[in-house]
Amino acid sequence: MTRLKSHAQLLLALAVVLLLPLCMQSGSLASEVLIYALAVAGCNLLLGFTGLLSFGQGIFFGLGSYAVGLLLTRTGLPMPLALLAAMAVGALAATLVGWFAIRQRGTYFVMLTLAFAQMFYFLAYSLPDLTGGDNGLLDVPRPPLSVAGVEFLALDSPWRFYAFVAACFLGVFWLLLRVTNSVFGRTLLAIRDNEARATAVGYNVRLFKLAAFALSGAVTALAGAFLAMMTGIAPLSSIEYHSSEMILVMTVIGGTGNLFASVLGAAFYVLFADWLSTLWPRWLMLLGFLLIAVSLFMQKGLWGLGERIWLAARRRPGNAESAAKEKSA
């Protein structure tokens, strides 16, 4: 039972991966849910576990899109290596941004990440020969998964691409769980809760924050690379401020400090937006009302709401008596 509880989040993520094909008709929309769940998990590592409110996540998301697009269209690099290279680009960019940003706190930290987001956006806009400028990188291919010339999986259909994204998502999610449950993850929580005490104990707070930035950048860049492969384009919008804002909104809706909450936030936002956009062109207004409701009544997001419902159900008289009998036995 103890082992089951320790793997609860991974089992929940696996359940989502298996249920999406059963509940949805669009393989592309199902892939989009997992892609943004990766991006939100990277953001959650900074916000929920380290206490860093970064508006620079769109930088790494966009760079991942551009990196995989350039490598697949202009070089003969195999697709798995292109994805790893995109993650490396995201990690390097996050290290650069983090090296400057973590020297400030609070409002000044947020302003620095926002300034970097604007700088990278205009840099991408000003280099049309490299990034495609306002049009973005077009015709990003989706080559089959192959190693040493041996093809293992063709990604020529939405559901086959979903299977590939799902496998990568579960692998990255498992690694992030290992990281957050390790001594490194516990140290990040200590820094989030009381940075001054963590410094007094002897931890190199800046180094830990920088490592969290690098890991977050790598995961977010992988999400951006997957989205470029799915849509066949690395658009300029992927690196603009709106991408950072959208990823942060998903993080807040799902709940911070819990990795599976990232899946909840991404799934809710993507599916809710897809449904509302078919009903009303100004669906973003309704999203604004939703964020107000989350801020007022659901500070811990959807995951916190689920916890409250679970605790309320366990406190019912019948459940309380059965729990007492189990303890006495």
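Remember, predicted model here, so these are calculated numbers, not experimental data. (Residues numbered from 1 in each chain as written. Predicted model: local features only at pLDDT ≥ 70, side-chain atom pairs only at ≥ 80, totals over all residues. Heavy atoms only, no water.)

All right, on to the packing of aromatic side chains then. Summed over all chains, the structure comprises 15 aromatic pairs. Summarising the aromatic geometry, the rings of Tyr 36 and Phe 61 are spaced 5.7 Å apart at their centres and angled 15° between planes, so their arrangement reads as stacked. Note that Tyr 36 is positioned in helix α3 (residues 27–50) and Phe 61 in helix α4 (residues 57–74), a separation of 25 residues in sequence. Taking relative accessible area as the criterion, Phe 61 reaches 2% and is therefore assigned buried. Ring centres of Phe 169 and Phe 173 lie 5.7 Å apart, and the angle between their planes is 35°; on these two criteria the pair is classed as tilted. Residue Phe 169 and its partner Phe 173 are located together in helix α8 (residues 158–180), separated by 4 residues, close to a single helical turn. We note that Phe 169, like Phe 173, is buried. For the cation-ring pair, Arg 103 lies above Trp 99, with the distance from its terminal atom to the ring centre recorded as 3.9 Å. Lying over the aromatic face of Phe 161, Arg 142 brings its terminal NZ or CZ to 4.8 Å of the ring centre. (Phe/Tyr/Trp six-rings, centres within 6.5 Å; stacked < 30°, edge-to-face > 60°. Helix = DSSP H or I, 4+ residues; strand = E, 2+ residues; numbered from the N terminus. Buried < 20%, exposed > 50% of the residue type's maximum accessible area, 1.4 Å probe, protein only. Lys NZ or Arg CZ within 6 Å of the ring centre and 35° of its normal.)

The next subject is the pattern of salt bridges. Pairing between side chains of opposite charge can happen when the charged atoms of each approach one another. The final tally for this structure, using the stated rule, is 4 salt bridges. With a closest N to O distance of 3.2 Å, Glu 195 and Arg 105 form a salt bridge. Taken together, the positions of Glu 195 in helix α10 (residues 195–201) and Arg 105 in the loop between α5 (79–101) and α6 (106–125) put the pair 90 residues apart, joining distant regions of the chain. The class of Arg 105 is exposed, set by a relative accessible area of 59%. Close ionic contact of Glu 195 with Lys 209 constitutes a salt bridge, the shortest N to O distance being 3.0 Å. (Salt bridge = Lys/Arg side-chain N within 4 Å of Asp/Glu carboxyl O.)

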